[in-house]
Amino acid sequence: MEDQHTGGARDAIVIGGGLAGMLAATALLGHADTVTVIERDRYPENRGFRKGVPQARHLHILITGGQRALEALLPGSCAALTEAGAHRLDLPRDLLTRTPTGWPRRFDERRHHTLSVTRPVLDAVVTERARAAFADSATRVAVREATEVVGLTGDADRVTGVRIRPRDGGAPHTLTAGLVVDASGRSSRAPRWYAELGLTAPQEEIVDTGLGYATRQYRPGPGRAPDTGVNVPNWPGSPRGGCYLPVEDGVWMLTLAGMRGDHPPTEPEGFLAYSATVGDPYLHSLVSGAEPLTPVHGFHDTRNRRRRYERSGASPRGFLVLGDAHCTFNPVYGQGMSVAALGARALRDTLERTGGLLPDTATTVQREVAAVTDPAWVAAVGADLPYLRDAEEKRSAGERLTSWYLDRLAARAAVDPVVGAAFRDVFCLTAPLPRLFSPRIAARTVLLPRRPALPAPPTVAEAV
Ligand SMILES: Cc1cc2nc3c(=O)[nH]c(=O)nc-3n(C[C@H](O)[C@H](O)[C@H](O)COP(=O)(O)OP(=O)(O)OC[C@H]3O[C@@H](n4cnc5c(N)ncnc54)[C@H](O)[C@@H]3O)c2cc1C
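Residues numbered from 1 in each chain as written. Predicted model: local features only at pLDDT ≥ 70, side-chain atom pairs only at ≥ 80, totals over all residues. Heavy atoms only, no water.

Another aspect to go through is unusual backbone geometry. Here the residue pair Leu91 and Pro92 is connected by a cis peptide bond, since its omega of -5° sits within 30 degrees of zero. On the secondary structure map, Pro92 appears in the loop between strand S5 (87-91) and strand S6 (95-97). One non-glycine residue with positive phi stands out, namely Asp249, at about 55°. Within the secondary structure layout, Asp249 lies in the loop between strand S17 (240-246) and strand S18 (252-258). With a relative accessible area of 67%, Asp249 lands in the exposed category. A positive phi angle is found at Leu429, which is not glycine, with a value near 65°. Its location among the elements puts Leu429 in the loop between helix H12 (417-427) and helix H13 (439-447). In this structure Leu429 comes out as buried when scored by relative accessible area, which is 13%. (Helix = DSSP H or I, 4+ residues; strand = E, 2+ residues; numbered from the N terminus. Buried < 20%, exposed > 50% of the residue type's maximum accessible area, 1.4 Å probe, protein only.)

Here we take up the sheet that holds strand S23 (residues 327-328). The strands making up a sheet associate through hydrogen bonds between their backbones, and the pairing can be parallel or antiparallel. Pairing in this open sheet of three strands is antiparallel, and the strands run S14-S21-S23 from one edge to the other. Here the strands that pair on one side only, and so sit at the sheet edges, are strand S14 (204-207) and S23. Relative to S23, strand S21 (residues 304-307) runs antiparallel, the two sharing two bridges. Across the sheet, Arg306 pairs through a bridge with Cys327, a residue of S23. Running over the sheet, helix H9 (residues 361-384) touches S14, S21 and S23 and is turned about 145° from S21. (Pairing = 2+ DSSP bridges. Contact = heavy atoms within 4.5 Å. Axes fitted to C-alpha atoms, helices over the stretch in contact; angles between N-to-C directions.)

Once that is clear, we can look at empty space enclosed by the protein. Tallied over the full model, the rule gives one cavity of 30 Å³ or more. Lining the largest cavity are Arg408, Ala411, Arg412, Thr445, Leu448, Pro449, Arg450 and Arg451. Of the residues contributing to the lining of the largest cavity, the split by class is three nonpolar, one polar and four charged. (1 Å grid on protein atoms, 1.4 Å probe; cavity = no way out; pocket = protein on both sides within 12 Å on 5 of 7 lines; lining within 4 Å. Points joined across faces, edges and corners; volume = space filled by probe spheres on them. Nonpolar A, V, L, I, M, F, W, Y, C, P; charged D, E, K, R; others polar.)

A separate point is the sheet that holds strand S4 (residues 61-62). Strand order in the open sheet formed by three strands is S4-S8-S5, and the pairing between neighbours is antiparallel. The outermost strands of the open sheet, each flanked by one partner alone, are S4 and S5. Relative to strand S8 (residues 112-116), S5 is paired through five bridges, and the arrangement is antiparallel. Counterpart to Leu91 in the pairing with S8 is His112.

Burial in H12 covers these residues: Val419, Gly420, Ala421, Ala422, Arg424, Asp425 and Val426. Where H12 is buried, its residues touch S5, strand S7 (107-108), S8, helix H11 (397-413) and H13. You can read the cap of H12 off the contacts: a side-chain oxygen lies 2.8 Å from the backbone nitrogen of Val418, and it is on Asp416. (Polar contact = N/O pair within 3.5 Å; in protein donor to acceptor, adjacent residues only side chain to side chain.)

Turning our eyes to something else, we now look at the packing of aromatic side chains. Following the criterion strictly, the structure yields seven aromatic pairs and no others. Taking 4.9 Å as the distance between ring centres and 35° as the angle between the ring planes, the aromatic pair formed by Tyr244 and Trp252 counts as tilted. Classification of Tyr244 as buried rests on a relative accessible area of 0%. Judged by its relative accessible area of 6%, Trp252 falls in the buried class. Taken together through their ring pairs, the aromatic side chains of Tyr194, Tyr309 and Phe319 make up a single cluster. A cation sits over an aromatic face here: Arg57 above Phe49, 3.5 Å from the ring centre. (Phe/Tyr/Trp six-rings, centres within 6.5 Å; stacked < 30°, edge-to-face > 60°. Lys NZ or Arg CZ within 6 Å of the ring centre and 35° of its normal.)

This is the structure we're talking about:
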């Protein structure tokens, strides 16, 4: 028979102790009596890779919106990441991004910077700081490693807890709580668990360009590290892309990406040869002399997928879904971790605004999570739709006009500091999408003549 541990209305359970899970547990501090984080993996020694986050082999950047949310929840985290070796790349000065019309001007804008660091180090720094916050809080937090959530308890009206199974083969348990947060990432089984409760799975939207990733770490030869990160993304007409960024300890990561049927190979010679076929030869010239440090790792699930848990009647009370379990994005836009952090911050802000954990907290927060996710979803899907011919054919005249406008705006952003700043504000998740349609930005985008970007990577930054 199953053992049972009973928690009350002010107890919370978090499924998954990854980025979203640790930040959700942090958000609950001071608002719940206890928080139990259930993590399938054991945390590795020495800030290492773990199986539960397979995407951690690939480039991960943390953009401004995510940095701000992380700081709000765990102050001092960005400095701790820098101390752990993260590179602070000012945009666009320190990250040259090739566009279809050439290389953008290298404005020294100092408005946004991105943090570039290996994902295991980022997760370890956040987890260490979260654990320190747990230790200082009146809320008692337990992190149960090597334990898997295998189902929910309750009914279609209310989730009352989880069924868990220790991975060492111990007896299964049922834990009950007033709030269950699913932060189990892209492999979340919540839709299946809904069926077991007699609920229909939430409506799911998928926009999939079929992009495949492959990544390898390098050490540039002495004196051969570039001054800036280099990004040559794919664009319609140039389906292969790559990004080369510094991480900790003088190491650089090269991620290559290609569309369905044209994924980068994971054998070393093929991988290097593929880097010569992206939309600009500069990337290959940087990598070809560098010393490879790791095997090449692939990753193919890059779809944008949003589950509409927030819709009226879609979810039982007491159940909240955050991070990738709620919404995944095409990773080339570097938004997923930031949206996970913004979702956790929405949880904390709602708890503060409404005076703590209430029977309807999950329902209220799920709507907030949907709202903070929406701008990133619109940006990623809007950028991906031109790759999908079927979707393109079904688009209305208004959608086609928006695409035309955004394409023109992206080209203008490469050469115009005013439009460029607005573009970065939106893609770094610090300003809402309408910023791109303000009269000033629209006038510069539509009325000024279309100008190509630079023919070669700029070596000198320009004051703004
Ligand atoms: C190739 C690639 C590159 C990316 N690059 C970027 C980038 O540059 N910038 C960016 O912001 N985002 C990027 N992302 C997105 C980013 O990886 C995710 O958005 C982020 O990891 C989401 O955090 P999470 O906590 O929701 O999920 P995860 O980090 O995946 O964590 C989920 C956790 O839940 C645990 N778990 C799963 N199931 C269970 C269970 N049943 N019981 C208990 N525990 C469970 C797992 O072990 C894991 O610890 C990228 C994604 C991919 C695929």
